Each structure stands twice: as C-alpha cells, then as structure tokens.
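# Chain and residue survey
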Amino acid sequence: MRQSEFGFDHGDAAEAIVDGAFLLRGRALPVVDELLVGVQDVVEASPLRHMITPGGAPMAAAQSNCGALGWVADRRGYRYEACDPETGRPWPAMPQVFASLARDAAGECGYDGFDPDCCLLNRYEVGCGMGQHVDADEQDFAWPIVSVSLGLPMTFRFGGVERGGKTLPVVLQHGDVLVFGGAARRRYHGTSPLKRGVHPVLGACRVNLTLRRAGTGALPRD
C-alpha cells in the first residue's frame, strides 16, 4: 500500500484487468472538482476540436492537449508537437492535479517514476466511440498510460496484440482511473459508443484524460 500525494491510501484497491493493466475504481473522486477546473482552464487556452485522420476523416471525439507535448492528427499523420497547431502557441501547462494523480495512480500499480509530459483530453458525445488502436507514437513504451474517466460511464475494450478478435469489456465510471503498461501497452484497445444519459455535473458527455510520457526520459530502475 502506498501513501499518495493527496493523503489517501489506495494501493490495495487496484483491480487487475489483463497482464499489466489495473483499474482503480473511484480513484479520482477526491480531487474531481480540481480536475474539472483544470479541464476548463485547458480548453479555454486550447479549445477542443475534431482532429482529422491521415485519411481525411474527422475523429469522433473532440480533443485538446496540455503539457510539454500534445498529440495531434492530420493528413500528415499522427505525432506529438510542442505547440498547438490551431493557436501556434505552446500547449497549456499541465495542471498539477493531473500530473500528481497520474504519478500516484501509476505508482500504486507498480509503475514507479512515471512523470507524464502529455495529457490528451477527449470529449465524447452520445453515440461517439474510439476504434481499436495501439498507442505507438511515444518514444518509449516502458512507461504506462494513465486514463482518467469523468462524466457518463463508457465501456473500454481491451483486445489482443493483433487487430480484431474478442475484446474484454471494462465499464469505466466517473472518477475511475485505468493504468496500463507492460504487456498491456502493446494490446489493441478502444471503446464502445457512449450510451445516452445525463451526468449530474458534465451532462450528456464523457471527458477522458489520457496521460502519457511521450518524449524521452529516465527509465524506471529495477
């Protein structure tokens, strides 16, 4: 069991999903108000937008970024950039509560030393989902990915190391944190379309924070 920066013990709450992936149910609830303020600050500086895939199709979720790097998609491909291509300015600084929550959650799942430099914000409307994919644009796969769910529940689906086949559904609720690294880092994953509903705070949508170490950094030591 680990003591978090927020003073809560959550180390025995990690639920193993697949090899390398863990679900911390309600882990973000103690700081959810701060997270929502951070989301608002980020989107005021770099508004949400529907990025374009290399094939020219708009992505289903509206997106923005914060941190030293931001994930972008357009006809040139998928990559990380230091500046928002729409504003020409550096991405907004990552709110401290985002980074602290991600570090704590990763550490509680055995991934010590995680220091995110990118947070991708996705806003899902009803009927919107994310197709199966592998996060492959980072410079080092040794670091985990930390995903924070806010708003309406959504079904996350873990697949295998090849596209297609059976997937394992994991229902993510408001305040849940999903951490996946190790072998899970190479698995295909996506979501089912967001079902209709109204969240008491966020209304008819879901916001997801995906925190990654996209650039180079010191590797975890054995």
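Just so it is clear, the model here is predicted, and its values are computed rather than measured. (Residues numbered from 1 in each chain as written. Predicted model: local features only at pLDDT ≥ 70, side-chain atom pairs only at ≥ 80, totals over all residues. Heavy atoms only, no water.)

### With respect to the sheet that holds strand β9 (residues 154-158)
Hydrogen bonds between backbone atoms are what pair the strands of a sheet, whose relative direction is either parallel or antiparallel. The four strands are arranged β7-β12-β9-β10 in an open sheet whose pairing can be described as antiparallel. Edge positions in the open sheet fall to β7 (130-133) and β10 (168-172), since each of these has one partner strand only. Averaged over all neighbouring strand pairs, the angle between strand axes comes to 20 degrees, with direction disregarded. Bridging between β9 and β10 involves five bridges; their strand directions are antiparallel. Its bridge partner lying in β10, Arg157 is registered against Pro169. (Pairing = 2+ DSSP bridges. Helix = DSSP H or I, 4+ residues; strand = E, 2+ residues; numbered from the N terminus. Axes fitted to C-alpha atoms, helices over the stretch in contact; angles between N-to-C directions.)

### A few points about the confidence of the model for the chain
Detailed reading of predicted coordinates is not advised where the pLDDT is low. Mean pLDDT over the chain: 90, with 91% of residues reaching 70 or higher. Throughout residues 1-11 the model reports pLDDT below 50, and contacts reaching past four residues in sequence, or to other chains, amount to 30 contacts. Counted against residues more than four places away or in other chains, residues 217-222, with its pLDDT under 50, gives six contacts. (pLDDT = per-residue confidence, 0-100. Contact = heavy atoms within 4.5 Å.)

### Looking at the environment of Leu35
Note that Leu35 resides in helix α1 (residues 32-45). Here Leu35 falls in the buried class, since its relative accessible area comes to 0%. Considered as a pair, Leu35 and Ala106 are 71 residues apart in the sequence and their alpha carbons are 17 Å apart. (Buried < 20%, exposed > 50% of the residue type's maximum accessible area, 1.4 Å probe, protein only.)

### Quick notes on helix α2 (residues 96-108)
Along its 13 residues, α2 runs 18 Å from first to last C-alpha, staying within 8% of the 18 Å computed at 1.5 Å per residue. Counting buried positions along α2 gives eleven out of 13 residues, so the element sits mostly inside the fold. (Expected span 1.5 Å × (residues − 1).)

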